[in-house]
Amino acid sequence: MRRIAALERLVGNGLLELEFLKGLCSTAAEKQAYIRDHLSHGLSVAEGCRLMGLSRTTFY
C-alpha cells in the first residue's frame with residue numbers, strides 16, 4: 001500500500017512538471033507570471049524556478 005502511494009506521488013509530480021513546462025515562456029517576466037499563476041497547484045517558488053530555469057533572485 002505504501003509503495004503504491006509513493007508511486008502515485010511520483011506520477012503526480014511528473015505530471016505537474018510536464019504541465020508546468022508546457023508554458024515554455026521566453027522572457028523572465030513571462031516565467032515569473034507563469035510561476036505565480038501555478039503556485040496554487042501546490043508548486044513552490046523554488047520548484048517553479050527550477051523547472052523554468054529561472055533563478056529565485058530573478059523571480060523576486
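Residues numbered from 1 in each chain as written. Predicted model: local features only at pLDDT ≥ 70, side-chain atom pairs only at ≥ 80, totals over all residues. Heavy atoms only, no water.

*Asks:* Is there a simple way to think about the overall build of the protein chain in this case?
*Replies:* A count of helical and extended segments in the protein chain gives four helices and zero strands. Helices and strands appear in the protein chain in the N-to-C order α-α-α-α. Here the protein chain holds 60 residues, and the buried ones make up 25% of them. For the protein chain, the computed accessible surface area is about 4,500 Å², with 58% contributed by carbon and sulfur atoms. (Helix = DSSP H or I, 4+ residues; strand = E, 2+ residues; numbered from the N terminus. Buried < 20%, exposed > 50% of the residue type's maximum accessible area, 1.4 Å probe, protein only. Areas by Shrake-Rupley, 256 points an atom, 1.4 Å probe, with all protein chains shown as cover.)

*Asks:* Mind showing me how you'd approach the packing of aromatic side chains here?
*Replies:* Describing an aromatic ring pair means giving the distance of the ring centres and the angle of the ring planes. Under the criterion given, the structure shown has one aromatic pair. Each ring, one from Phe-59 and one from Tyr-60, has its centre 5.1 Å from the other, and the planes form 85 degrees; the classification is edge-to-face. The class for Phe-59 is buried, based on a relative accessible area of 9%. (Phe/Tyr/Trp six-rings, centres within 6.5 Å; stacked < 30°, edge-to-face > 60°.)

*Asks:* It is not clear to me how the pattern of salt bridges should be interpreted in this structure. Could you clarify?
*Replies:* When the charged atoms of two side chains with opposite charge come close together, those side chains can pair. This model, assessed by the stated rule, comprises one salt bridge. The partner of Arg-50 in a salt bridge is Glu-47, with the nearest N and O atoms 2.6 Å apart. Note that Arg-50 and Glu-47 are positioned in helix H3 (residues 45-52) at a spacing of three residues, about one turn of the helix. (Salt bridge = Lys/Arg side-chain N within 4 Å of Asp/Glu carboxyl O.)

*Asks:* Teacher, can you tell me more about the side chain of Lys-31 here?
*Replies:* Its location among the elements puts Lys-31 in helix H2 (residues 28-38). No salt bridge is formed by the buried Lys-31. Its closest oppositely charged neighbour is Glu-30, at 8.1 Å. Excluding its chain neighbours within four sequence positions, the residues that come into contact with Lys-31 are Cys-25, Ser-26, Met-52, Gly-53 and Leu-54. (Lys, Arg positive; Asp, Glu negative; His and termini not counted. Contact = heavy atoms within 4.5 Å.)

*Asks:* Whenever I open this one, H2 confuses me. Can you help?
*Replies:* Each full turn of the α-helix corresponds to 3.6 residues, which orients residues three or four apart in the same direction. Listed as buried for H2 are Lys-31, Gln-32, Tyr-34, Ile-35 and His-38. Looking down the long axis of H2, one finds its buried residues gathered within 165 degrees of arc, a one-sided arrangement. In this structure, H2 carries Ala-29 and Asp-37 as exposed residues pointing more than 90 degrees from its buried face. (Arc of directions from axis to C-beta.)

*Asks:* Any chance you could explain the nonpolar core here in plain terms?
*Replies:* Side chains of a nonpolar character, in soluble globular proteins, are inclined to be buried together. In this structure, Cys-25, Tyr-34, Ile-35, Val-45, Cys-49, Met-52, Leu-54 and Phe-59 together form the largest nonpolar core, which totals eight residues. For this core, the secondary structure elements donating two or more residues are H2 and H3. When residues in this core are grouped by element, the largest group, three residues, is from H3. (Core = buried A, V, L, I, M, F, W, Y, C linked by side-chain atoms within 4.5 Å.)

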